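What follows is each chain in one-letter form.
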Amino acid sequence: MAAVPEMRASDGDRDRVAAALREHVAEGRLTIDEFNERLEAVYQSRTYGELARLTSDLPEIDLNRLPAAAEPVQRAQPGTTQGSAKSAWGAWAGASGVCWMIWLFTTIASGHFIPPWPMWVMGPWGVILLIKTISEAGGRSRGGA
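Described in the following lines is the structure provided in the data block. A quick note: this is a predicted structure, and the numbers were derived from the prediction, not measured.

Quick notes on the overall build of the chain
- Per the secondary structure count, the chain includes five helices and zero strands.
- Ordered by position from the N terminus, the helices and strands of the chain form the series α-α-α-α-α.
- The 145 residues of the chain split such that 21% are buried.
- Long-range contacts, defined here as pairs at least 24 residues apart, represent 60% of the contacts in the chain between residues at least 6 apart.
- Accessible surface for the chain amounts to roughly 10,800 Å². Of this, 61% is attributable to carbon and sulfur atoms.

Quick notes on the packing of helix H1 (residues 11-26) against helix H2 (residues 32-44)
- Relative to each other, H1 and H2 sit at 175°, their axes nearing to 10 Å. Judged by the angle between their axes, H1 and H2 are roughly antiparallel. Residues Arg-14, Asp-15, Val-17, Ala-18, Leu-21, Arg-22 and Val-25 of H1 lie in contact with H2, whose contacting residues are Ile-32, Phe-35, Arg-38, Leu-39, Val-42 and Tyr-43.
- Of the residues assigned to the contact of H1 with H2, the class counts are nine nonpolar, no polar and four charged.

Some remarks on a nonpolar patch on the surface
- Residues Val-98, Ile-102, Trp-117 and Trp-120 make up a contiguous nonpolar surface patch of roughly 460 Å² in combined accessible area.
- The topology assignment puts Val-98 in helix H4 (residues 82-110).

Points about the pattern of salt bridges
- This structure, assessed with the given rule, holds five salt bridges.
- Two residues, Asp-11 and Arg-14, come together in a salt bridge whose shortest N-O distance is 2.9 Å. Residue Asp-11 and its partner Arg-14 are located together in helix H1, separated by three residues, close to a single helical turn.
- The class of Asp-11 is exposed, set by a relative accessible area of 55%.
- Under the relative-accessibility criterion, Arg-14 is labelled buried at 11%.

How each quantity is defined
- Residues numbered from 1 in each chain as written.
- Predicted model: local features only at pLDDT ≥ 70, side-chain atom pairs only at ≥ 80, totals over all residues.
- Heavy atoms only, no water.
- Helix = DSSP H or I, 4+ residues; strand = E, 2+ residues; numbered from the N terminus.
- Buried < 20%, exposed > 50% of the residue type's maximum accessible area, 1.4 Å probe, protein only.
- Contact = heavy atoms within 4.5 Å.
- Areas by Shrake-Rupley, 256 points an atom, 1.4 Å probe, with all protein chains shown as cover.
- Axes fitted to C-alpha atoms, helices over the stretch in contact; angles between N-to-C directions.
- Parallel < 35°, antiparallel > 145°, perpendicular 65-115°, else oblique.
- Nonpolar A, V, L, I, M, F, W, Y, C, P; charged D, E, K, R; others polar.
- Patch = residues over 30% accessible without salt bridge, like charges linked within 9 Å, V, L, I, M, F, W, Y side chains within 5 Å.
- Salt bridge = Lys/Arg side-chain N within 4 Å of Asp/Glu carboxyl O.

Right under this line is the structure:
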């Protein structure tokens, strides 16, 4: 059944008109003030006729054909893990340095030797990073780039 101007509009209909108005603002056909006025009127509209009057001076926009708002996220390609390995080792070195500074200050402040607990942070993390780095390097040399 075709929409008659006197027929009641749904929330979805109002949302579609609001989306079209947003697109017209983005394309420069409406100012922000005009958009705000029309948007308020959109959500006060009750019929298809009232909604049609709000966009009658604007070209038709097919909301299904609009481009995606954001670029797709690019996934890391195999063989490009060198940068991520560098950043992982950098994070390890930074955290280790902070731990050693905390250990040094607490040892000095306490006046007696405190066992070097930063080894418990550095050791397991460093071993895991080393294994990951070696396995990635082996994968690149066998079948990678």
